[in-house]
Amino acid sequence: MIVYLVNRYFWPDESATSLLLTDLAEDLQAAGHEVEVFTSRQLYNYPQAQLPRRQTWQGIQIHRLPASRFGRRHFCGRLFDIITFHLALRYANNITVKPDVWFVMTDPPLVVNTVLQLRRRLDGRVIHHVDDVYPDLAVALGSLPQRGWVSSLLGRWAQAGLRNCDQVLALGECMAGVLKNKGVTGGRLAITPPWADGSRLFPLDHGENRFRREIGIPGDHLVVMYSGNMGLGHRFETILAAARALAYNDKIHFVFIGAGARKPQIEAWRRRHHLNNMVMLPYPGKGSGKPCPPVIFT
């Protein structure tokens with residue numbers, strides 16, 4: 001079976017959707033399927049990266065599309081990156097073989113609609129893994145007005161895309177309810193929580209935990225850790241309040257790993273309240289000095 005995977009980030013990127021799609025690609029390839037990935041040349045936390053346009057990795061064919069790479073710092077640059085990725089995918093001249101299946105994630109937003117346009121020429125079932133619901137998320141965060149022709153147009157376009165997919169995968173019950181209200185019903189809707197490689201997840205004795213040693217936290221101390229995107233849609237008020245309330249206890253540590261729009265706010269909170277029990281670390285890879293170990297149990 002020929003499977004096309006579509007997402008803006010893929011190996012060697014270490015963002016959440018990239019890791020999920022990389023795991024899926026490896027498993028499909030190991031099962032004997034022919035896997036091709038259509039992605040960008042960016043890294044999530046390093047948009048200026050110029051990854052090879054074409055690459056074969058573990059038997060997987062990777063096509064990196066020539067979209068812009070302004071990154072997520074400014075709205076206009078982010079919007080231009082989204083538009084140029086859609087255009088690069090829509091008019092890619094290296095998509096010639098008809099796939100059996102398209103597996104499409106939600107970065108960039110509404111990319112499944114562009115894939116559905118390609119399907120008119122190339123056929124294949126379209127499976128849409130919904131990681132974020134657009135444009136609802138942009139409206140909730142204030143990036144788009146709740147009313148207006150832009151929100152209305154994007155909403156109709158998104159709903160049309162969802163209704164024309166062969167299968168739609170929701171992360172959980174709440175998201176499934178939202179998708180049902182958008183017209184995704186019956187056997188086309190399934191719940192597929194984020195997956196992980198169970199062979200890499202196992203408990204470590206605190207004394208053997210290299211990550212603890214590297215950041216200087218003794219094995220008998222408690223670690224509360226957040227790792228991932230610190231985006232506008234995430235809520236940190238509760239954990240920050242807990243860090244402040246427990247600042248007197250030098251055996252409890254709060255560790256934040258990652259980046260995102262809200263990271264400066266978290267750092268400002270730490271400085272304002274003089275929280276020595278908080279540690280801020282960058283994503284593994286660029287700027288971190290060394291990668292984090294694959295397993296961290298505290």
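Described in the following lines is the structure provided in the data block. Predicted model only: the values in this text are computed from it and were never measured.

### Re the sheet that holds strand β9 (residues 222-229)
Then step 1. Across the sheet, which stays open at both edges, the 3 strands sit in the order β9-β10-β11 with parallel pairing between neighbours. On the outer flanks of this sheet lie β9 and β11 (278-281), each paired with one strand and no other. If you compare each strand with its neighbour and ignore which way they point, the axes differ by 15° on average.
Then step 2. Relative to β11, strand β10 (residues 252-259) runs parallel, the two being bridged by 4 bridges. Across the sheet, residue Phe 254 finds its bridge partner in β11, namely Met 278.
Then step 3. Of the strands in this sheet, β9, β10 and β11 touch helix α8 (residues 237-245), which is tilted by about 145° from β10.

### Some details on the pairing of β9
Consecutive side chains of a regular strand alternate in pointing toward one face of the sheet and then the other.
Then step 1. The pairing of β9 with β10 spans 8 bridges and is classified as parallel. For Val 224, the partnering residue across the bridge sits in β10 and is Phe 254.
Then step 2. In this fold, β9 hands off to α8, which returns the chain to β10; that crossover is right-handed.

### Section: the nonpolar core
Then step 1. Ranked by size, the top nonpolar core spans 31 residues in total, and within it Leu 89, Ile 95, Trp 102 and Leu 179 carry the most contacts.
Then step 2. Listing elements by their share of this core, those giving two or more residues are β1 (2-6), α2 (75-90), β5 (101-104), α3 (111-122), β7 (167-170) and α6 (173-181).
Then step 3. The dominant element in this core, judged by the number of residues it contributes, is α3, at 6 residues.
Then step 4. In this structure Ile 95 touches Tyr 4, Phe 38, Leu 89, Trp 102, Leu 118, Arg 121 and Leu 122, once residues within four positions along its chain are discounted.
Then step 5. Residues Phe 10, Leu 28, Trp 57 and Phe 103 belong to the second largest nonpolar core, which totals 18 residues.

### A look at the packing of α2 against α3
The description of two packed helices rests on the angle between their axes and on the distance between the axes.
Then step 1. Running from amino to carboxyl end, α2 crosses α3 at an angle of 15°, the nearest separation of the two axes being 10 Å. In terms of their interaxial angle, α2 and α3 are classed as roughly parallel. Regarding α2 and α3, the two cross each other, and that crossing is right-handed. Between α2 and α3, the residues in contact are Phe 85, His 86, Leu 89 and Arg 90 and Val 111, Thr 114, Val 115, Gln 117 and Leu 118, respectively.

Calculation notes
Residues numbered from 1 in each chain as written. Predicted model: local features only at pLDDT ≥ 70, side-chain atom pairs only at ≥ 80, totals over all residues. Heavy atoms only, no water. Pairing = 2+ DSSP bridges. Helix = DSSP H or I, 4+ residues; strand = E, 2+ residues; numbered from the N terminus. Axes fitted to C-alpha atoms, helices over the stretch in contact; angles between N-to-C directions. Contact = heavy atoms within 4.5 Å. Right-handed = clockwise from strand over helix to strand, strands pointing away. Core = buried A, V, L, I, M, F, W, Y, C linked by side-chain atoms within 4.5 Å. Buried < 20%, exposed > 50% of the residue type's maximum accessible area, 1.4 Å probe, protein only. Parallel < 35°, antiparallel > 145°, perpendicular 65-115°, else oblique. Left-handed = near helix turned anticlockwise from the far one by under 90°.

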